[in-house]
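Here is how the chains run, residue by residue.
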Amino acid sequence: MRLILLGPPGAGKGTQAQRLVERHEIVQLSTGDMLRAAVAAGTEVGLKAKAIMDAGGLVPDDVVVGIIKDRIEKADAQNGFILDGFPRTVGQAEALDKMLKEKGLQLDAVVELKVDEGILLSRIEKRAGETPGGPRADDNAEALKKRLAVYKEQTAPLVDHFRSKGLLKTVDGMKGIDEVSKAIDAALGV
Ligand code: ADP
């Protein structure tokens with residue numbers, strides 16, 4: 001199974017991706033996690049990405065596309081994957097299309113987690129308080145404002161992009177974690 005999870009920061013993509021991983025023996029490919037690992041390791045990519053991420057901006061398309069391309073080729077991704085936080089721009093979506101076509105692979109679905117904007121700040125603040133080792137540098141009100149603006153401008157257009165391809169499944173992300181998981185399964189027919 002090859003899926004994309006789409007939704008604003010705080011929508012619950014990471015939480016739901018982990019649950020799908022456990023149930024379907026596929027890997028979660030989170031560009032946010034991979035970039036944070038690169039920052040922590042002090043790699044060239046990490047050095048480039050840190051200030052952009054901390055401010056809530058988007059890392060350049062070529063950087064994240066390169067990361068995903070390498071990752072999709074690894075053995076553990078052959079059974080399927082969930083993309084969490086990628087694609088985030090129309091350019092990234094087009095690069096992904098091309099990448100999959102070249103490999104003869106197809107997406108099964110794009111799951112949109114729909115949430116009211118008003119709940120996001122409190123979710124992010126909750127996560128900031130629960131993160132082991134201290135909150136992420138971008139889990140604060142100011143960076144969230146920027147991340148939301150970027151989401152609306154650059155990522156939200158992907159909803160229509162994937163709808164027009166017949167891949168979009170929209171799920172109510174305002175419910176509890178278990179209920180959202182069930183709704184995702186129902187939408188996927190699994
Ligand atoms: P969230 O979904 O909570 O906003 P992520 O962990 O997915 O957080 O991403 C954190 C940050 O990492 C983003 O704000 C951005 O700076 C960077 N990032 C992650 N994925 C991408 C991507 N596909 N394209 C560009 N930047 C990305």
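Shown above is the structure to which this text applies.
Everything numeric in this text was worked out from a predicted model, so none of it was measured.

K.L.:
In this structure, what is going on with the overall build of the protein? I would like to understand it.
P.N.:
The helix and strand inventory of the protein stands at nine helices and five strands. What you see in the protein, going N to C, is helices and strands ordered as β-α-β-α-α-α-β-α-β-α-α-α-β-α. Its C-alpha radius of gyration of 16 Å places the protein within 12% of the 16 Å reference for a compact globule of 190 residues. Dimensions of the protein along its principal axes, counting C-alpha atoms only, are 40 × 40 × 30 Å. Relative to its full complement of 190 residues, the protein shows a buried share of 43%.

K.L.:
Please clarify how the site of the ligand should be interpreted in this entry.
P.N.:
For the ligand, the set of nearby residues contains 19 residues, the closest of which are Thr-31, Arg-36, Gly-57, Gln-92 and Arg-147. One of the side-chain nitrogen or oxygen atoms of Arg-127 is found 3.2 Å away from an oxygen atom of the ligand. Between the ligand and Arg-147, the relevant distance is 2.9 Å, taken from an oxygen atom to a side-chain nitrogen or oxygen of the residue. Given that more than half its atoms are within 2 Å of the pocket grid, the ligand belongs to the largest pocket. For the shell around the ligand, the element with the most residues is helix α2 (residues 31-41), which contributes four residues. In the shell around the ligand, the residues fall into seven nonpolar, five polar and seven charged.

K.L.:
Please clarify how helix α4 (residues 61-72) should be interpreted in this entry.
P.N.:
Within an α-helix, residues lying three or four positions from one another point in the same direction, as the helix has 3.6 residues per turn. Between its first and last C-alpha, α4 extends 16 Å over 12 residues, near the 16 Å set by a 1.5 Å rise per residue. Burial in α4 covers these residues: Val-63, Val-64, Val-65, Ile-67, Ile-68, Arg-71 and Ile-72. Of the surrounding elements, those touching the buried residues of α4 are β2 (27-30), α2, α3 (44-55), β3 (81-84) and α5 (90-103).

Reading the values: the criteria
Residues numbered from 1 in each chain as written. Predicted model: local features only at pLDDT ≥ 70, side-chain atom pairs only at ≥ 80, totals over all residues. Heavy atoms only, no water. Helix = DSSP H or I, 4+ residues; strand = E, 2+ residues; numbered from the N terminus. Rg over C-alpha atoms; globule rule 2.2 N^0.38 Å. Buried < 20%, exposed > 50% of the residue type's maximum accessible area, 1.4 Å probe, protein only. Near = heavy atom within 4 Å. Polar contact = N/O pair within 3.5 Å; in protein donor to acceptor, adjacent residues only side chain to side chain. 1 Å grid on protein atoms, 1.4 Å probe; cavity = no way out; pocket = protein on both sides within 12 Å on 5 of 7 lines; lining within 4 Å. Sits in = over half its atoms within 2 Å of the grid points. Nonpolar A, V, L, I, M, F, W, Y, C, P; charged D, E, K, R; others polar. Expected span 1.5 Å × (residues − 1). Contact = heavy atoms within 4.5 Å.

This is a description of form; function is not addressed.
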